[in-house]
Amino acid sequence: MDLQIEKMAAQEFFHVPVLSREVVEGLAVHPGGHYLDATVGGGGHSRLILKAATDVRLTAIDQDEDALAAARKELGFDDRVEFIKSNFAAYKFPPSTFSGIIADLGVSSHHLDTAERGFSFRSSAPLDMRMDQGQSLTAADVINDWDEAELANIFFTYGEERLSRRIARRIVEKRPFHTTTELAEAIAYSVPPKYRYGRIHPATRVFQALRIVVNDELKSLETFIEKAPEALLPGGRIVIISFHSLEDRLVKHGLRNSPLLRVLTKKPITAQEDELANNPRSRSAKLRIAERKE
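The structure presented is a predicted model; accordingly, all values stated were derived computationally and were not measured.

Draft legend 1. Spotlight on the packing of helix 7 (residues 148-159) against helix 11 (residues 204-214). Axis separation between helix 7 and helix 11 bottoms out at 8 Å; the angle between their running directions is 95 degrees. If you check the angle between helix 7 and helix 11, you find them roughly perpendicular. Every residue of helix 11 that contacts helix 7 at I154, F155, Y158 and G159 is listed here: R205, V206, Q208, A209, L210, I212 and V213. When its residues are assigned to classes, the contact of helix 7 with helix 11 shows 8 nonpolar, 2 polar and 1 charged.

Draft legend 2. Quick peek at helix 4 (residues 65-74). For helix 4, every residue scored as buried is listed here: D66, A67, L68, A70 and A71. By the N-cap criterion, in which a side-chain oxygen at the helix start approaches the backbone nitrogen of a residue two or three places on, helix 4 is capped by D64, the distance to D66 being 2.7 Å. G76 sits one or two residues past helix 4 and shows a positive phi near 65 degrees.

Draft legend 3. Quick peek at the nonpolar core. Formed by 30 residues in total, the largest nonpolar core has its most connected members in F155, I167, I171, L183, I187 and L210. Broken down by element, this core gets its largest block of residues, 6 residues, from helix 11.

Draft legend 4. Seen up close, a positive patch on the surface. Among the surface-exposed residues, R162, K194, R199 and R205 lie close enough to one another that they form a single positively charged patch. Within the secondary structure, R205 sits in helix 11.

Draft legend 5. Geometry of the pattern of salt bridges. This model, assessed by the stated rule, comprises 13 salt bridges. Here R47 and E74 are joined by a salt bridge, their closest N and O atoms 2.4 Å apart. Of the two residues, R47 is situated in helix 3 (residues 44-52) and E74 in helix 4; the sequence distance between them amounts to 27 residues. Assessed through its relative accessible area of 25%, R47 is described here as partly exposed. Salt bridges here are not isolated pairs; linked through shared partners, they connect D64, D66 and R117.

Draft legend 6. Region of the structure containing the sheet that holds strand 7 (residues 286-292). With mixed pairing, the 7 strands of this open sheet are ordered in space as 3-2-1-4-5-7-6. Bordering the open sheet on either side are strand 3 (81-85) and strand 6 (261-263), each of which pairs with just one other strand. Shown here is a sheet whose adjacent strand axes are inclined to one another by a mean of 20 degrees, direction ignored. Two strands pair when backbone bridges link them, and strand 4 (residues 98-104) and strand 5 (residues 232-242) are joined in this way by 6 bridges, in the parallel orientation. Residue pairing across strands places I101 opposite I238, the latter belonging to strand 5.

Draft legend 7. Structural view of the packing of aromatic side chains. Enumeration over the complete set of coordinates arrives at 4 aromatic pairs. Judged by centre distance (4.5 Å) and plane angle (10 degrees), the rings of F88 and F224 are stacked. On the criterion of sequence distance, the pair formed by F88 in the loop between strand 3 and strand 4 and F224 in helix 12 (residues 217-227) is long-range, its members being 136 residues apart. For the pair Y91 and F93, a centre-to-centre distance of 4.9 Å together with 80 degrees between the ring planes defines the contact as edge-to-face. The same class applies to Y91 and to F93, which are both buried.

The rules behind these values
Residues numbered from 1 in each chain as written. Predicted model: local features only at pLDDT ≥ 70, side-chain atom pairs only at ≥ 80, totals over all residues. Heavy atoms only, no water. Axes fitted to C-alpha atoms, helices over the stretch in contact; angles between N-to-C directions. Helix = DSSP H or I, 4+ residues; strand = E, 2+ residues; numbered from the N terminus. Parallel < 35°, antiparallel > 145°, perpendicular 65-115°, else oblique. Contact = heavy atoms within 4.5 Å. Nonpolar A, V, L, I, M, F, W, Y, C, P; charged D, E, K, R; others polar. Buried < 20%, exposed > 50% of the residue type's maximum accessible area, 1.4 Å probe, protein only. Polar contact = N/O pair within 3.5 Å; in protein donor to acceptor, adjacent residues only side chain to side chain. Core = buried A, V, L, I, M, F, W, Y, C linked by side-chain atoms within 4.5 Å. Patch = residues over 30% accessible without salt bridge, like charges linked within 9 Å, V, L, I, M, F, W, Y side chains within 5 Å. Areas by Shrake-Rupley, 256 points an atom, 1.4 Å probe, with all protein chains shown as cover. Salt bridge = Lys/Arg side-chain N within 4 Å of Asp/Glu carboxyl O. Lys, Arg positive; Asp, Glu negative; His and termini not counted. Charge placed at Lys NZ, Arg CZ, Asp CG, Glu CD. Pairing = 2+ DSSP bridges. Phe/Tyr/Trp six-rings, centres within 6.5 Å; stacked < 30°, edge-to-face > 60°.

So, in structure tokens, the structure goes:
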């Protein structure tokens, strides 16, 4: 991307924070606290944390340059905020530092709405899907180079796609693919008509699987949940928002199995009716909270 397009991308990175009230309450934000936003995105949750109490400090990390640029703009270059470019699994967690940690998982509205990033098949774009555009592996590499059995396996495992073998066979027959819409069309015509015109597009689960694989999302999440509790102060809280069952399962078991944490949510917190009406993306959001033992 040239500089002008980069600036436009940063300006267009708009983040409506899901479960915003529940996040601030779950973190128990207090004056003088130091908080970590492990997926700052457009800065929506960070802004609410900074407003929730006096003398709050914030460390904001993200692996996406567009996200960090947008967060800086959203937070007005607030000197209480430190910005760091990092995947939350690779971040060097300082021990016993934070009063609270928030992670809002999954793909942002910006990624879906910015065609050239290749996360969506709503418009034609290169098969990219990299959150960190400095990494080499893209969705095109996976689709065009991996063998049929590997593709079927990731579609089934990470997309929970029941027709994974059928779809993988069609992809291998028709490749190479260069754009999101080419791939989505091939997937649509590899499934029976009753699936082709169902409630969700037949490519949806495959695109989810590709995104997870390209960004190594589940392994990164496991690492994050293992490392992050050590960075909490005693009594500090970790709040994680997930958007599909694979993530939520990892969060549920990861928090419960951590020897440092006490889980505060037996069941995940979900959006209330007023939020559902204003932000459809919140419908699949699940929030879980745990606290560092004293």
